[in-house]
Amino acid sequence: MDEIREALRDGLREEAAPIGRRLAEVKGLSNNAIRRLAGIEAAVEAERNARLDDVTLLIDLLTEGWRAMNTRLDRIEAALAAQPSNVVHLRESA
């Protein structure tokens, strides 16, 4: 009976050893894939944040440009309104 048990154990070891090695290999490969995906995710997140910063800066520059243009136009309109007009009105509107 002990010989049968011993033979069964040896047989199971011989059959299970390649499965265990393959399982360890698959586990190692999956851990490697997870690490690579985490790296890709971090790179994509950093790139996304950089693009958001670029868009924010662009919006700030455009907004400030329009404000400066509005200020300049207000100053020009005020200067033109303060000057006497050389326009002769042909008819007075009632």
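Throughout what follows, the structure given in this document is the object of discussion. (Residues numbered from 1 in each chain as written. Predicted model: local features only at pLDDT ≥ 70, side-chain atom pairs only at ≥ 80, totals over all residues. Heavy atoms only, no water.)

**Description of the overall build of the protein chain**
Next, step 1: In terms of helices and strands, the protein chain carries one helix and zero strands.
Next, step 2: The dimensions of the protein chain, computed from C-alpha atoms along their principal axes, are 130 × 25 × 15 Å.
Next, step 3: The buried share among the 94 residues of the protein chain stands at 0%.
Next, step 4: Summed over all atoms, the accessible surface of the protein chain reaches about 9,200 Å², with 60% contributed by carbon and sulfur. (Helix = DSSP H or I, 4+ residues; strand = E, 2+ residues; numbered from the N terminus. Buried < 20%, exposed > 50% of the residue type's maximum accessible area, 1.4 Å probe, protein only. Areas by Shrake-Rupley, 256 points an atom, 1.4 Å probe, with all protein chains shown as cover.)

**Side note on the pattern of salt bridges**
Next, step 1: Under the defined criterion, the tally for this structure stands at four salt bridges.
Next, step 2: Salt-bridge contacts for R67 lead to E64; the nearest nitrogen and oxygen are separated by 3.9 Å. Note that R67 and E64 are positioned in helix α1 (residues 2–82) at a spacing of three residues, about one turn of the helix.
Next, step 3: You can call E64 partly exposed: its relative accessible area is 46%.
Next, step 4: Each of the salt bridges in this network shares a partner with another, and the network as a whole consists of E47, R51 and D54. (Salt bridge = Lys/Arg side-chain N within 4 Å of Asp/Glu carboxyl O.)

**Thoughts on the environment of N70**
Next, step 1: Mapped onto the elements, N70 comes out in helix α1.
Next, step 2: A residue is classified by how much of its surface remains accessible, and N70, at 40% relative accessible area, is partly exposed.

**Observations concerning α1**
Next, step 1: Compared with an ideal rise of 1.5 Å per residue, which puts 81 residues at 120 Å, α1 spans 117 Å between its outermost C-alpha atoms and is within 8% of the ideal.
Next, step 2: Largest kink in α1: about 30°, centred on A16, with the proline P18 one to four residues after it. (Expected span 1.5 Å × (residues − 1). Bend = angle between axes of the 7 residues up to and from the residue.)

**Quick word on a nonpolar patch on the surface**
Next, step 1: A cluster of nonpolar residues, L58, L62, W66, M69, L73, I76 and L80, forms a patch on the protein surface that exposes about 700 Å² of accessible area.
Next, step 2: Along the chain, the position of L58 falls in helix α1. (Patch = residues over 30% accessible without salt bridge, like charges linked within 9 Å, V, L, I, M, F, W, Y side chains within 5 Å.)

**Section: the environment of R22**
Next, step 1: One can find R22 in helix α1.
Next, step 2: Assessed through its relative accessible area of 60%, R22 is described here as exposed.
Next, step 3: Residues R22 and D2, spaced 20 residues apart in sequence, show a C-alpha to C-alpha distance of 30 Å.

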